[in-house]
Each structure stands twice: as C-alpha cells, then as structure tokens.
Amino acid sequence: NAGCKLPDKYSYIQDFTEADILWYENMPLTIRLPELSPPILIVHAGIVPRIPLMKQKVDDMLRMRRVKLKLKQRRTCGFGCWLY
C-alpha cells in the first residue's frame, strides 16, 4: 500500500520485485510427508489441534505463536508430548 509506512524491520519488502511477490504467493501453506512414520504435516507457524486441516485459518498457519485450550487429554508420540 503506497500510503502505508512499514516498520524499519520490514523495509526489505520495498525491494521485492513482481517475480518475488508471485513466488511468495505461490508457495504452499502446508507440506505433507506421508511416507514418514508417523506421517508429518509441516506448516510455518501452527495449526489448532482437533480442527480438520480444511477448516484451519490461514492466518493461524502463518502467524500462530501458541494455542490456549483446556487440557482434556495428554498424548505422546515419538516426537514428544502434545497437550490437548
């Protein structure tokens, strides 16, 4: 936006070319690695437990820092402990 002043830490965005922007816009929001055991889903930030992938919010997948849910159950897997 031409009338928007970016914080200094984002000043590099002004140097993006149209090709850079297209590249970012075409990146996948998720990457699946089904051949691993257990299958892995990679996202930039996070997903909300117990919400189907197709119902996740894009903003959560890109910017989520933490999820605050009531603890109902504790699950463990080979990658550590997940609290739900």
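Keep in mind that this is a model prediction, so the values were computed, not measured. (Residues numbered from 1 in each chain as written. Predicted model: local features only at pLDDT ≥ 70, side-chain atom pairs only at ≥ 80, totals over all residues. Heavy atoms only, no water.)

What about the overall build of the protein chain?
Phase 1: Helices and strands together make up the secondary structure of the protein chain, namely two helices and four strands.
Phase 2: Of all 84 residues assigned to the protein chain, the portion counted as buried reaches 7%.
Phase 3: For the protein chain, the exposed surface amounts to about 7900 Å²; the carbon and sulfur share of it is 56%. (Helix = DSSP H or I, 4+ residues; strand = E, 2+ residues; numbered from the N terminus. Buried < 20%, exposed > 50% of the residue type's maximum accessible area, 1.4 Å probe, protein only. Areas by Shrake-Rupley, 256 points an atom, 1.4 Å probe, with all protein chains shown as cover.)

Concerning the pairing of strand β1 (residues 30-33)
Phase 1: Where β1 meets strand β2 (residues 40-43), four bridges bridge the pair, whose relative direction is antiparallel. Pairing of I31 across the sheet is with I42, part of β2.
Phase 2: In this structure, the hairpin formed by β1 and β2 is closed by a connection of six residues. (Pairing = 2+ DSSP bridges.)

Description of unusual backbone geometry
Phase 1: The step from S37 to P38 runs through a cis peptide bond, and the omega angle for that step is 0°.
Phase 2: Positionally, P38 belongs in the loop between β1 and β2.

Regarding the packing of aromatic side chains
Phase 1: Following the criterion strictly, the structure yields three aromatic pairs and no others.
Phase 2: Note on F16 and Y24: the rings are 5.4 Å apart at their centroids and 20° apart in plane angle, and the pair reads as stacked.
Phase 3: Judged by its relative accessible area of 47%, Y24 is partly exposed.
Phase 4: The interplanar angle of 75° and the centroid separation of 5.0 Å between the aromatic rings of W23 and Y24 together place this pair among those described as edge-to-face.
Phase 5: Chaining the aromatic ring pairs together yields one cluster made of Y12, F16, W23 and Y24. (Phe/Tyr/Trp six-rings, centres within 6.5 Å; stacked < 30°, edge-to-face > 60°.)

Focus: the environment of I47
Phase 1: Residue placement: I47 occurs in the loop between β2 and α2 (58-63).
Phase 2: Separated by 17 residues in the primary sequence, I47 and M64 have C-alpha atoms spaced 7.6 Å apart.

Quick word on the side chain of Q56
Phase 1: Along the polypeptide, Q56 turns up in the loop between β2 and α2.
Phase 2: Given the relative accessible area of 8%, Q56 is considered buried.
Phase 3: A polar contact is formed between the side chain of Q56 and the backbone nitrogen of V48, at a distance of 2.9 Å.
Phase 4: In contact with Q56, other than residues within four places in its own chain, are I47, V48, I51 and M61. (Polar contact = N/O pair within 3.5 Å; in protein donor to acceptor, adjacent residues only side chain to side chain. Contact = heavy atoms within 4.5 Å.)

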